[in-house]
Amino acid sequence: MERILVLSMLCAFTLPSFAQQQQNPPISLQAATLTLPPGAAPSDVAIADFNHDQRPDLAVTQRGLNQLAIFQQTATGFPATATSTYTAGTSPSSVVAVSLDVNNPNAWLDDLFTVSGPDGHITAFTNSLTQPGALTASLAVNFASTYPSVSPRLQAGNLNGDGLIDLAMTNDKEILAGVFAYAHRGNGVVEQIARQTTLDLPANIQLSDLDQDGDLDALVAMPLYNQIRIMQHSPMQAEFWLAPPINIPSLGTGASSAAAGDINLDFYPDLAVANSGSNTVVVFLRTAPFQYTTPLILSMSATPRHVLLADLNGDRAAELIVATDTQLLVYRNTLQPGPPRFATPVVFPLGPTPDALRLADVNGDRVTDILIPCAGDHSVRIFYNLSQVKPTATRPSALLGIALVPNPATDRLTVFQPAQPAPLVLTVLDGLGRTVLQQTLTAAESSFSVAHLPRGLYIARLQAGARSATQRLVLE
């Protein structure tokens, strides 16, 4: 099974051919429900392989029980009851899967961060190196012991360029309302490196490279001001969110969620926002850095709580995914240059109070699935993605333990690899899918120049026999 690291780490990203893009398969999802104990009130979910058996496992923050629950997947799926549970503070509201191994952060995605707003702290759950699947909790940071938050949200990504997965967090307590950035310093400890106040109670955050400079920006939903706020990464500054924020009217009321994704296949992220007060979802197409066209406004029959933009059918164009109070709606991207930009949605019922909308490969088929924790009926709804046309050949097994250092790189790149049964072939592709560098590597540590390549974002494909992996590579 391929590791799925969030955002700037390993990613299941391919550059399809023109013919593949034009296939535009219909959206097909298979719904399943994982029922949790009475009173669980799940608030968030994450996918990781905790016991290293090549099967994705499920982590759920059970807000009503003050717990983190782990469901280790078997050949027949997830068990009916949690494999293990851990105390996660009072009313834990968010969880993200990370790698806390500072020596090789690309090796396993098997650790977690959770956040408790009432307790005002982030907890690290570190996986055992000798007994995979056994987690040890430790305090990562105490952010608000005096002014506790209500329902803070976490996103994970490499924020400061050191190769480790850092955290961004929304704080919805009036006196501390804003967005915080925490750098991972090792051993599950994080340190605040940036804070931007919002004068609003931020409802949701997504990390995305909105200006395509290789650094992660923050996209925040601002419900009171009816805005999307963009916090641009400023790598030359002592703190990287010092640039004045860019505020985009949400064209509705009660902006509850915002998302970024490439809708029109121009390699630049477009935006979507869910307005829970006006029951609308608004889509903005990018025309220039941080500039967007006249939007598409979709009316919802129920209150939209969460929105995401992601390719679900393998044509690289982002679908529009909306979770309302009663339904999941997936709007297939038609690939048309104008209306109708999206097809009639595929609709599935949801339990009451969907608290999060997450994407991950749930069953190890290298296809993005959808997960929604529903606090109102104490369930996790899983929607297995059957949209993509899968090859009939046997899927190659994952290639693990590869590290590209540094990343971002400047003049030279070093590749670290464990012993392989076949030589490792590194192929670097530019944004148009063209091969710009290829190396065959046999040593455990190989270093070579990348100074001749233009600065920007690349995809590094790694192949050793039948095993493969893909990483994002930034040159600056």
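Owing to the predicted nature of the structure, the values given are computational and were not obtained by experimental measurement. Residue positions are given per chain, counting from 1 as you read along its sequence in written order. Side-chain atom pairs in this predicted model are given and counted only at pLDDT of 80 or more, local residue features only at pLDDT of at least 70, and totals for whole chains, interfaces and linings cover all residues. Only hydrogens and water are set aside when side-chain values are computed; all heavy atoms of the structure are taken into account.

### Concerning the overall build of the protein
The test is simple: Where helices and strands are cited, they refer to DSSP runs of H or I of at least four residues and of E of at least two residues respectively, numbered from the N terminus. Note on classification: 1.4 Å probe, protein chains only; a residue is buried when its accessible area is under 20% of the maximum for its type, exposed when over 50%, partly exposed between these limits. Any two residues having at least one pair of non-hydrogen atoms within 4.5 Å are treated as being in contact. All accessibility values rest on the Shrake-Rupley procedure with a 1.4 Å probe; residue burial counts only the protein chains present in the view.
On a plain count of helices and strands, the protein comes out with 1 helix and 37 strands. Across the 476 residues of the protein, 58% fall into the buried class. In the protein, once contacts between residues fewer than 6 apart in sequence are set aside, the share between residues at least 24 apart is 51%. About 18300 Å² of surface is accessible on the protein, with carbon and sulfur atoms providing 54% of the total.

### Re the sheet that holds strand S29 (residues 369–374)
Quick reminder of the rule: Whether two strands pair depends on DSSP finding at least two bridges between them. Fitting a line to C-alpha atoms yields each axis, with helices limited to the stretch in contact; the angle taken between N-to-C directions then spans 0 to 180 degrees.
Strands sit in the order S1-S30-S29-S28 across an open sheet of 4 strands; the sheet is antiparallel. The open sheet has two edge strands with one neighbour each: strand S1 (29–35) and strand S28 (358–360). Direction aside, the axes of adjacent strands within the sheet are offset by 25 degrees on average.

### Concerning the sheet that holds strand S37 (residues 467–475)
Taken in spatial order, the 4 strands make up an open sheet running S34-S33-S36-S37, and their pairing is antiparallel. Unpaired on one side and paired on the other, strand S34 (435–441) and S37 mark the two borders of the sheet. Here the strands of the sheet are splayed against their neighbours by 20 degrees on average, with no regard to which way each runs. Where strand S33 (residues 424–429) lies against S34, 6 bridges are found, and the strand directions are antiparallel. Along S34, the bridge assignment pairs leucine 429 with threonine 435.

### Some thoughts on the side chain of serine 276
Going by this rule: Under the rule applied, a polar contact is a pair of N or O atoms within 3.5 Å (in protein, one hydrogen donor and one hydrogen acceptor; residues adjacent in sequence only if both atoms are side-chain atoms).
Following the sequence through the fold, serine 276 ends up in the loop between strand S19 (270–275) and strand S20 (280–284). A distance of 2.9 Å separates a polar side-chain atom of serine 276 from the backbone oxygen of glycine 254. The residues contacting serine 276, other than those within four sequence positions of it, are Thr253, Gly254, Ser256, Thr303, Pro304 and Arg305.

### Comments concerning the packing of aromatic side chains
Test applied: Here is the rule: rings of Phe, Tyr and Trp (six-membered ring for Trp) pair when centre to centre is within 6.5 Å. Planes less than 30 degrees apart are stacked, more than 60 are edge-to-face, and the remainder are tilted. A ring is scored as having a charge over it whenever the NZ atom of a lysine or the CZ atom of an arginine sits within 6 Å of its centre and within 35 degrees of its normal.
One pass over the structure, following the stated rule, counts 3 aromatic pairs. Ring centres of phenylalanine 180 and tyrosine 182 lie 6.2 Å apart, and the angle between their planes is 5 degrees; on these two criteria the pair is classed as stacked. Among the residues examined, phenylalanine 180 registers a relative accessible area of 3% and is labelled buried. Note that arginine 286 overlies the ring of tyrosine 268, its terminal NZ or CZ placed 4.0 Å from the centroid. Sitting above the plane of the phenylalanine 267 ring, arginine 316 keeps its charged end 4.2 Å from the centroid.

### Observations regarding the nonpolar core
Stated precisely, the cut-off is as follows: As used here, the term nonpolar core means buried Ala, Val, Leu, Ile, Met, Phe, Trp, Tyr and Cys residues forming a set that is joined through side-chain atoms within 4.5 Å.
Core analysis: the biggest nonpolar cluster contains 33 residues, and Leu320, Ile321, Leu328, Ile370 and Ile372 have the highest contact counts within it. Those residues in contact with isoleucine 372 that lie beyond four places of it in its chain are Ala323, Leu328, Leu350, Pro354, Ala356, Leu357, Ser379, Val380, Arg381 and Phe383.

### Observations regarding the pattern of salt bridges
Threshold: A side-chain nitrogen of Lys or Arg and a carboxyl oxygen of Asp or Glu constitute a salt bridge if their distance falls within 4 Å.
Across all of its chains, the model carries 7 salt bridges by this definition. Between aspartate 355 and arginine 63 there is a salt bridge, with the nearest N and O atoms lying 3.3 Å from each other. On the criterion of sequence distance, the pair formed by aspartate 355 in the loop between strand S27 (346–349) and S28 and arginine 63 in the loop between strand S3 (57–62) and strand S4 (67–71) is long-range, its members being 292 residues apart. Comparing aspartate 355 with arginine 63, the two get one shared label, buried. In this structure, glutamate 191 engages arginine 185 in a salt bridge whose closest nitrogen and oxygen atoms are separated by 2.9 Å.

### Looking at the pairing of strand S12 (residues 178–186)
Buried residues dominate S12, accounting for 8 of its 9 residues. Note: S12 against strand S13 (residues 189–197), 8 bridges, orientation antiparallel. The residue of S13 that forms the bridge with tyrosine 182 is glutamine 192.

### Structural notes on the pairing of strand S11 (residues 166–171)
Most of S11 sits out of view: 6 of its 6 residues are buried. By the alternation rule, side chains of S11 split into Asp166, Ala168 and Thr170 and Leu167, Met169 and Asn171, which are all buried. As defined by bridge partners, S11 adjoins S12 across 5 bridges and the pair is classed as antiparallel. When the sheet's bridge partners are listed, methionine 169 is paired in S12 with phenylalanine 180.

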